[in-house]
Amino acid sequence: MIVVGMISGTSADGIDAVIAEITGAPPALNWRIVKQHHANFAPELRAEILACFRPEHGTVDRLCALNFHLGEVFARAALDAIASANLQTDQIDLIGSHGQTLWHIPSGADASTLQLGEAAVIAERTGITTISNFRTRDMAAGGQGAPLVPYLDLLLFAHPTLTRAAQNIGGIGNVTYLPPSKERESGRVGEWEQVSPSPRLPVSHSPFAFDTGPGNMLMDYATQRATNNVLSFDRDGVLAAQGRVDDTLLRELMQEPYLREKPPKTTGRELFGAQFSAPVWDRAKTRGLSDNDIVATFTAFTAHSIAQAYRDFLPTRPDEVIVSGGGALNPTLMRMLRDLLAPARVIAIDETGVASEAKEALAFAILAYETWFQRAGNLPAATGARHPVVLGNITPGASQQSAVSGQPWSVDHTASLTESHNPRSAEIDTLATLDIVRLMNDEEERVAHAVAAETKFIAQAVDAIAERMKRGGRLIYIGAGTSGRLGVLDAAECPPTFSTAPHQVIGLIAGGARALTHSIEGAEDDADAGARDLAALDVSERDSVVGLAASGRTPYVIGGMREAKRRGAFVASVACNRPSPIEEIADVSIAPLVGPEVITGSTRLKAGTAQKMVLNILSTGAMIRLGKTFGNLMVDVQATNAKLRDRARRIVARACKIANDEADALLARCNGEVKTAIVVARAGVSPEDARRRLHAAKGVVRAALH
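All of these numbers come straight from a predicted model, not from anything done at the bench.

**Notes on the state of the cysteines**
Move 1: All chains considered together, the criterion is met by 0 disulfides.
Move 2: Counting only cysteine sulfurs, C670 is the nearest neighbor of C656, a cysteine outside any disulfide, at a range of 9.2 Å.

**Observations concerning the sheet that holds strand β16 (residues 570-574)**
Move 1: Taken together, the 5 strands give an open sheet; going across it, the order is β14-β13-β15-β16-β17, and neighbouring strands pair in parallel fashion. Each of the sheet's edge strands pairs with one partner strand only, and the pair in question is β14 (505-509) and β17 (588-590). On average, each strand axis in the sheet is tilted by 20 degrees relative to the strand beside it, whichever way the strands run.
Move 2: On the sheet, helix α19 (residues 455-470) packs against β13 (475-479), β14, β15 (544-548), β16 and β17 and is oriented at approximately 130 degrees with respect to β17.

**As for the pairing of β15**
Regular strands have side chains that alternate between both faces of the sheet.
Move 1: Among the 5 residues that make up β15, 5 are buried, leaving the element largely enclosed by the rest of the structure.
Move 2: Here β15 shows a buried face lined by S544, V546 and L548 and a second buried face lined by V545 and G547.
Move 3: Inspection of the sheet shows β13 paired to β15 by 5 bridges, in the parallel sense. Note that in β15 the partner of L475 across the bridge is S544.
Move 4: What joins β15 to β16 is helix α22 (residues 555-566), and the crossover it makes is right-handed.

**Digging into the side chain of N330**
Move 1: Within the secondary structure, N330 sits in the loop between β10 (320-324) and α12 (331-341).
Move 2: With relative accessibility at 6%, the residue N330 sits in the buried group.
Move 3: Leave out the neighbours within four places in its chain, and N330 touches M219, D234, D236 and G237.

**Some words on the environment of L253**
Move 1: Inspection of the secondary structure puts L253 in helix α8 (residues 247-253).
Move 2: Among the residues examined, L253 registers a relative accessible area of 2% and is labelled buried.
Move 3: In sequence terms L253 and G243 are 10 residues apart; their C-alpha atoms lie 17 Å from each other.
Move 4: Excluding residues that lie within four positions of it along the chain, L253 makes contacts with L259, F276, V280, T297, F298 and F301.

**Structural notes on the nonpolar core**
Move 1: Membership of the largest hydrophobic core comes to 51 residues, with the highest contact counts inside it found for F272, F298, F301, Y310, V321, V323 and L337.
Move 2: Element by element, the count of residues in this core is highest for helix α11 (residues 291-313), at 12 residues.
Move 3: Apart from residues no more than four positions distant in its own chain, V323 is found in contact with Q167, I169, A328, M334, L337, V346, I347, A348 and I349.
Move 4: With 46 residues, the next largest nonpolar core counts L29, L152, F364 and A385 among its residues.

Conventions used here
- Residues numbered from 1 in each chain as written.
- Predicted model: local features only at pLDDT ≥ 70, side-chain atom pairs only at ≥ 80, totals over all residues.
- Heavy atoms only, no water.
- Disulfide = S-S within 2.5 Å.
- Pairing = 2+ DSSP bridges.
- Helix = DSSP H or I, 4+ residues; strand = E, 2+ residues; numbered from the N terminus.
- Axes fitted to C-alpha atoms, helices over the stretch in contact; angles between N-to-C directions.
- Contact = heavy atoms within 4.5 Å.
- Buried < 20%, exposed > 50% of the residue type's maximum accessible area, 1.4 Å probe, protein only.
- Right-handed = clockwise from strand over helix to strand, strands pointing away.
- Core = buried A, V, L, I, M, F, W, Y, C linked by side-chain atoms within 4.5 Å.

Have a look at this one:
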């Protein structure tokens, strides 16, 4: 999917936006930043936002108007970002807009949060489905609604051997603690932190996050006061470098109670805004500090509050600290951090290949993507929520509202993944042949990652299929077009590969056998034909039916799956979209999300490759469970020609650790039966005893040997 992510941080200087291409699912989620864009707020708009930050000025009428005004500005930022990437709005699948936080009450009886930037305005102006209001669901689940960016930190920076801290320094500072990830055996981001006894009691092997305290907010305030609003921030830390840190004032600032609160905790402008900075400024001036001294002391306060948080709350000191946000661009602040956090290696996020200004916008693009696929996007160990939750509110875009014809808008949108335009191959017809080949190969590399994200569901399907086949059931594929041909191919390969009977694995294709070599127009649109074809096989509860449709919405497949479901069969689906109509029918849904094709709509490419991989694993996995292999040797081979006789000889020789001529003699004694020969040699029994053992073990060699 192509997703726009947007955020205006606590500094309220403008909107950071990224356009990202995202595929797969955690832990095999892949993304690429297509374009990064920043839109400054007009001075009068920023002044209005800053005024509304103050409770005495943020009246209901001003907040109401500002909400819609910000919606217009966010919409314009999205459209400008799309245009700067040379894309059209119909190529964008989603917008994830964090909006502008106006007030945040993280805990207590009045716990709540308010982000402005009306999503309905964004969706209406752009025509693109918009996901917004990410923080509220986490708070409803008992969390503090922040920090949310740790989800991205976990994906970006978890390291197999290093302990890392991902320190963001925007208006507020927040850290994500990332212990060594080992092999990340969890199948889903968000499960890792559950190894902690409690999300409120982080342990060394459990990622968690919290707000460390002030970030740039105090420095920005002091810079504006020092320059009479000529500068909005201390560019390159120049003012702080020219000042002197006042140790007395710094010690007073470090007594702030928030710094001693235990995580999970969050804060914002409601604590460290002008109401905090102004009296400190006045007190400092009374003591004779220069303007630059105050900027330097506020800079030191940010650095010391971060270092103190690490000492007090991180289970172990990090090996590396990766700094993002505007603070990463302040050399004076970074120098202080390196001194305070030594011997940890402190680096700016840009050194990892991710632009500092893009990180938070990318996070909300990914969170929007996760929300669309109904996956949780919060980390309870970071926010304090009772459990993972799906974040955000979905506002349909104009294209969804106009195109659905009475169907649920999300169903219509499922076509976008397999039918959407791929910007990377937009000029493929102008490339040299070698570049065409490289581009297509690069795209195909995404397939294995997409399939890897579905392994848990594939395994569930394998077990269900094998259990039914052990009771005499069949594996039946049903599809249309490319998907149908792939199903027929997999079914056709099972008898010569695993010596299955022709009726054990069956492939149905819309339009029948002629559709294997011809395009049968309209066949895939006939749901009744799918139901009839399944009924003709007299499908029962012993059978397994796998519906194949790259789009996830082919009527022929849907009709067949519904008939199979009605008859009590196990039903699985394989699509390259999610959500989709076929997964609503399936007992197990498999959806490798490979993204848009190199040639728009040609699902014989990445989608076809992904489906072929899944079918190979389904049938081979089921055959392994049925005992069709011994180790990784294909022992159910029938030696009916010279090639297969040679294969049988090599299998027996390897399984029994004997020479080829000995394997030939052994096979001759056993009438060419590979399984019988292996049991004879390894168990030291006669061929007749070996056959009896295999019969009792239902053909499983390993069981027959024991």
